[in-house]
Amino acid sequence: MQEKYIDETKQGEAYAIAEKPQNNKKLFLESYGCQMNFSDSEIVASILSEQGYNTTLKPEEADLILLNTCSIREKAEQTVRMRLSQFKSLKKERPNLTVGVLGCMAERLKTKFLEEEQLVDLVVGPDAYRDLPNLLKETDSGRDAINVILSKDETYADINPVRLGGNGVTAYVTITRGCDNMCTFCVVPFTRGRERSRDPHSIIEECKNLWENGYKEITLLGQNVDSYLWYGGGAKKDFKNASEMQKLTAVNFAQLLDMVAVAVPEMRIRFSTSNPHDMTVDVFQVMAKHKNICKYVHLPVQSGSDRILEKMNRQHTREEYLTLIKKAKEIVPEIAFSQDMIVGFCGETEEDHQQTLSLMREVEYDYGYMFAYSERPGTAAHKKMMDDIPADVKQRRLAEVIALQGELSRKRMEGYVGKIHEVLIEGISKKNENQWKGRNSQNAVCVFNKKEGQNIGDMVSVFVHGNTQGTLLGETVMA
Ligand code: SAH
Ligand code: F3S
């Protein structure tokens, strides 16, 4: 099965960088799941770097092991439990070693984690990372420690993330936290709490700072970036009614995107994740206006059937989604889309499944992340619906959507052949050390031979002469 973001973020990868020379304790920090977790880990590393910790890639030399966990599907939780069991022997050898669980599993399981997993000493939810120094004092004195309080306004706006394990060229900038959408299958609103938007000034500051430090591409990050909304001088909850809020300057996502594009005019800008229900046409207009905003939108739809979309509480129809895509293509003709799709949701018929396949054909996505439905405790679907599609049917439907996406991706990649693309060099190709890899504006991965004088972080013009299912093959040319 294809796992989300497998290309962009490496599941379960630990990161280490040289930090403060005066720090004498070692932190092994491993992240699972979505980009938001990887971004949060950079906040955690920043908080702990003030507490004497530098990161290490070797769990056996760590004083503190932290796993930033994901609850989105059952399999994600199993992976973390297996990883934890691998630390058992380390813990036996070194009783002073502290093992902690961060993120969505911490939030979902709370104290149960301390009961179930004997070797876990520390459980910290996504809004409680500022409390880590206090919690570590507890564990240092031999007690278990937990903080899973969710916040209505924590955005970690003032914390300058320690950039972990990256290429020094691309970085995430968190703009919203939490989600209020309550899709019936999804655990995120329970594990990450209410949606809140970060102060635009701190976002701009972070982007400028990244540019000054040599970064060339940022991804504005949130569970649902399109619902970004910030009210001058306060948060949404501080105002009694809508008209009182209107009087103050509000910043929505399209405006924020515009502000960022102007503030760092040569920085490449991406954003993720978009939600069809909250996305507005003005976002596409801003994309068309600025050369530095990449012409790519990750726009999950989950299903092509109105009946299933309604059961999922996605709050839009198939037609509305297709209309949005059509308008986007009119405003930004070179735009590319990717999707998230769930197969085998409660009550999904063969007809619903066919609707999903036909919607995919209609949109012609560049790329997709496809999943078999996994029931999550506490969600509306778990409480009110039957997870009634047999595992073998889910797997067959999943294989069908993956195969179709493969065809569509190949077709889209073929469309890029014979043209020149602007590509940011992000690193060395995994398969051939004499080649660079990077992405074009549409987020398609492109590999090409290295040339004298080129470096990671350079923007180059690449003539694409061929492709595989998911990769463009090219040669750099003079711009
Ligand atoms: N807005 C979020 C979505 C988070 S979940 C974001 O930033 O990406 C990522 C994807 O996981 C969803 O779009 C959905 O396709 C999938 N997913 C969520 N809950 C799931 C479940 N219970 N079973 C299977 N897939 C699920
Ligand atoms: Fe989950 Fe739906 Fe929000 S998929 S993250 S509840 S938009």
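In what follows, the structure referred to is the one given above.
Residues numbered from 1 in each chain as written. Chains lettered and ligands numbered in written order. Predicted model: local features only at pLDDT ≥ 70, side-chain atom pairs only at ≥ 80, totals over all residues. Heavy atoms only, no water.

(A) Spatial organisation of the nonpolar core. By size, the foremost hydrophobic cluster in this structure holds 54 residues, and its most contacted members are L220, F253, L257, V260 and F271. Among the elements that make up this core, the one with the highest residue count is helix α10 (residues 253–263) (six residues). With sequence-adjacent residues up to four places away left out, L220 is seen in contact with V173, I175, I203, C207, V225, F253, L257, V260, I269, R270, F271 and S272. (Core = buried A, V, L, I, M, F, W, Y, C linked by side-chain atoms within 4.5 Å. Buried < 20%, exposed > 50% of the residue type's maximum accessible area, 1.4 Å probe, protein only. Helix = DSSP H or I, 4+ residues; strand = E, 2+ residues; numbered from the N terminus. Contact = heavy atoms within 4.5 Å.)

(B) View of the site of ligand 1. By nearness alone, 16 residues border ligand 1, and Q223, T273, Q302, D340 and S374 come closest of all. R73 places a side-chain nitrogen or oxygen 3.1 Å from an oxygen atom of ligand 1. Within the contact set of ligand 1, an oxygen atom lies 2.6 Å away from a side-chain nitrogen or oxygen of D340. When the free accessible area of ligand 1 is taken as 550 Å², the share hidden by the protein chains comes to 92%. Of all the secondary structure elements, the ones that give two or more residues to the shell around ligand 1 are β16 (336–343) and β17 (367–372). (Near = heavy atom within 4 Å. Polar contact = N/O pair within 3.5 Å; in protein donor to acceptor, adjacent residues only side chain to side chain. Areas by Shrake-Rupley, 256 points an atom, 1.4 Å probe, with all protein chains shown as cover.)

(C) The site of ligand 2, seen in detail. The environment of ligand 2 is formed by C179, N181, M182, C183, F185, C186, V188, P189, Q223, N275 and R314. When grouped by side-chain class, the residues that make up the shell around ligand 2 number seven nonpolar, three polar and one charged. (Nonpolar A, V, L, I, M, F, W, Y, C, P; charged D, E, K, R; others polar.)

(D) Spatial organisation of the side chain of T176. Structurally, T176 is set in strand β9 (residues 176–177). Excluding its chain neighbours within four sequence positions, the residues that come into contact with T176 are M36, R196, S197, L221, G222, Q223, N224 and Y228.

(E) Representation of the packing of aromatic side chains within the structure. If you walk through the whole model with that rule in mind, you get six aromatic pairs. Between F28 and F87, the ring centres sit 6.2 Å apart and the planes meet at 75°, which makes this aromatic pair edge-to-face. One end of the pair, F28, is in strand β2 (residues 25–31); the other, F87, is in the loop between α2 (74–86) and α3 (88–93), and 59 residues separate them in sequence. Assessed through its relative accessible area of 2%, F28 is described here as buried. (Phe/Tyr/Trp six-rings, centres within 6.5 Å; stacked < 30°, edge-to-face > 60°.)

(F) Inspection of helix α14 (residues 350–363) at higher detail. The first and last C-alpha atoms of α14 sit 20 Å apart over 14 residues, in line with the 20 Å expected at 1.5 Å per residue. For α14, the full list of buried residues reads D352, H353, T356, L357, L359, M360 and V363. Considered in projection along α14, the buried side chains sweep an arc of 160° and stay on one side of the axis. At the exit of α14 stands E364, carrying a positive phi of roughly 60°. (Expected span 1.5 Å × (residues − 1). Arc of directions from axis to C-beta.)

(G) Spatial organisation of the sheet that holds strand β18 (residues 420–428). Taking strand neighbours around the barrel as the criterion, the five strands line up as β18-β19-β20-β22-β21 in a closed arrangement whose pairing is mixed. The mean inter-strand angle of the sheet, taken between neighbouring strand axes irrespective of direction, is 50°. Bridging between β18 and strand β21 (residues 459–467) involves five bridges; their strand directions are antiparallel. If you follow I420 over to β21, its bridge partner there is F463. Across the face of the sheet, helix α16 (residues 391–416) comes into contact with β18, β21 and β22 (471–477) while running at roughly 120° to β21. (Pairing = 2+ DSSP bridges. Axes fitted to C-alpha atoms, helices over the stretch in contact; angles between N-to-C directions.)

(H) Spotlight on the sheet that holds strand β11 (residues 217–221). The three strands lie next to each other as β8-β11-β14, forming an open sheet whose pairing is parallel. Looking at strand neighbours, the two that pair on one side only are β8 (170–174) and β14 (268–272), the edges of this open sheet. Strand-to-strand twist of the sheet, defined as the mean angle between neighbouring strand axes without regard to direction, takes the value 25°. Two strands pair when backbone bridges link them, and β8 and β11 are joined in this way by five bridges, in the parallel orientation. Considered in β11, the bridge of Y172 is made with T219. Contacts from helix α1 (residues 35–49) reach β8, β11 and β14, with the element oriented near 90° to β8.

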